[in-house]
Amino acid sequence: MKKIVVFLLAFAMVMSFAACGANEEKSFATVNAKDCFGGAGYIEFIAGGEEAVELTFTAENSEAVEWSVYVFDEAFDDGFRYISQAAEPVLVGDGTVSVEAGQFVYIYCSVNEFTADAPDENAKLNITQK
């Protein structure tokens with residue numbers, strides 16, 4: 001009888017830890033400002049993702065950098081430098097964005113070939129997925 005009770009308690013603990021772990025955010029990617037220097041400051045981050053996802057963006061060492069996130073239902077084919085004319089960003093700075101399956105995500109870094117002489121070597125945008 002003791003073994004059954006111990007087993008049930010152990011099983012309950014394992015299941016509760018597993019349930020808690022399901023809500024944790026997972027490291028997804030890091031975008032360095034120097035990688036966005038060309039392309040007018042834009043990069044295509046997700047190209048028609050296969051499933052819906054919630055992404056959290058957190059800037060690091062970015063005191064002189066402003067990060068913006070744009071989400072489109074289709075690929076943006078008119079040249080990255082025109083993205084800001086075609087849509088408003090869904091996020092500026094830190095925060096969370098929901099992306100549906102098939103959508104395209106573009107990230108903009110304000111320190112780029114049009115705004116600075118050299119890339120910011122330290123600024124980055126950490127992205128986690130929930």
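Figured I'd write up the structure that's included with this text. (Residues numbered from 1 in each chain as written. Predicted model: local features only at pLDDT ≥ 70, side-chain atom pairs only at ≥ 80, totals over all residues. Heavy atoms only, no water.)

1. Considering unusual backbone geometry
And then number 1: Even without being glycine, A40 reaches a positive phi, approximately 60°.
And then number 2: Among the structural elements, A40 can be located in the loop between strand 1 (26-32) and strand 2 (42-47).
And then number 3: On the accessibility criterion, A40 (7% relative accessible area) is buried.
And then number 4: Residues other than glycine seldom take positive phi values, yet N61 does so here, at roughly 50°.
And then number 5: With respect to the helices and strands, N61 occurs in the loop between strand 3 (53-60) and strand 4 (67-72). (Helix = DSSP H or I, 4+ residues; strand = E, 2+ residues; numbered from the N terminus. Buried < 20%, exposed > 50% of the residue type's maximum accessible area, 1.4 Å probe, protein only.)

2. Re the nonpolar core
And then number 1: Of all hydrophobic cores here, the largest spans 23 residues; its most connected members are V31, F45, L55, F57, W67, I107 and I127.
And then number 2: Of all the secondary structure elements, the ones that give two or more residues to this core are strand 2, strand 3, strand 4, strand 6 (95-99), strand 7 (104-109) and strand 8 (124-129).
And then number 3: In contact with F45, other than residues within four places in its own chain, are F28, A29, V31, L55, V105, Y106, I107 and I127.
And then number 4: Ranked by size, the runner-up nonpolar core spans nine residues in total, among them A40, Y42, F76 and F104. (Core = buried A, V, L, I, M, F, W, Y, C linked by side-chain atoms within 4.5 Å. Contact = heavy atoms within 4.5 Å.)

3. As for the sheet that holds strand 7
And then number 1: Pairing is antiparallel across the open sheet formed by four strands, whose spatial order is 2-7-4-5. On the outer flanks of this sheet lie strand 2 and strand 5 (91-92), each paired with one strand and no other.
And then number 2: Where strand 4 lies against strand 5, two bridges are found, and the strand directions are antiparallel. Bridge assignment links S68 to a residue of strand 5, and that residue is V92. (Pairing = 2+ DSSP bridges.)

4. Digging into the side chain of D120
And then number 1: Of note, D120 is situated in the loop between strand 7 and strand 8.
And then number 2: At 9.2 Å, K34 is the nearest oppositely charged side chain to D120, a buried residue that forms no salt bridge.
And then number 3: At 2.9 Å, the side chain of D120 forms a polar contact with the backbone nitrogen of N122.
And then number 4: Engagement of the side chain of D120 in a polar contact is seen with the backbone nitrogen of A123, the distance being 3.0 Å.
And then number 5: Excluding its chain neighbours within four sequence positions, the residues that come into contact with D120 are A33, K34, V65 and V111. (Lys, Arg positive; Asp, Glu negative; His and termini not counted. Salt bridge = Lys/Arg side-chain N within 4 Å of Asp/Glu carboxyl O. Polar contact = N/O pair within 3.5 Å; in protein donor to acceptor, adjacent residues only side chain to side chain.)

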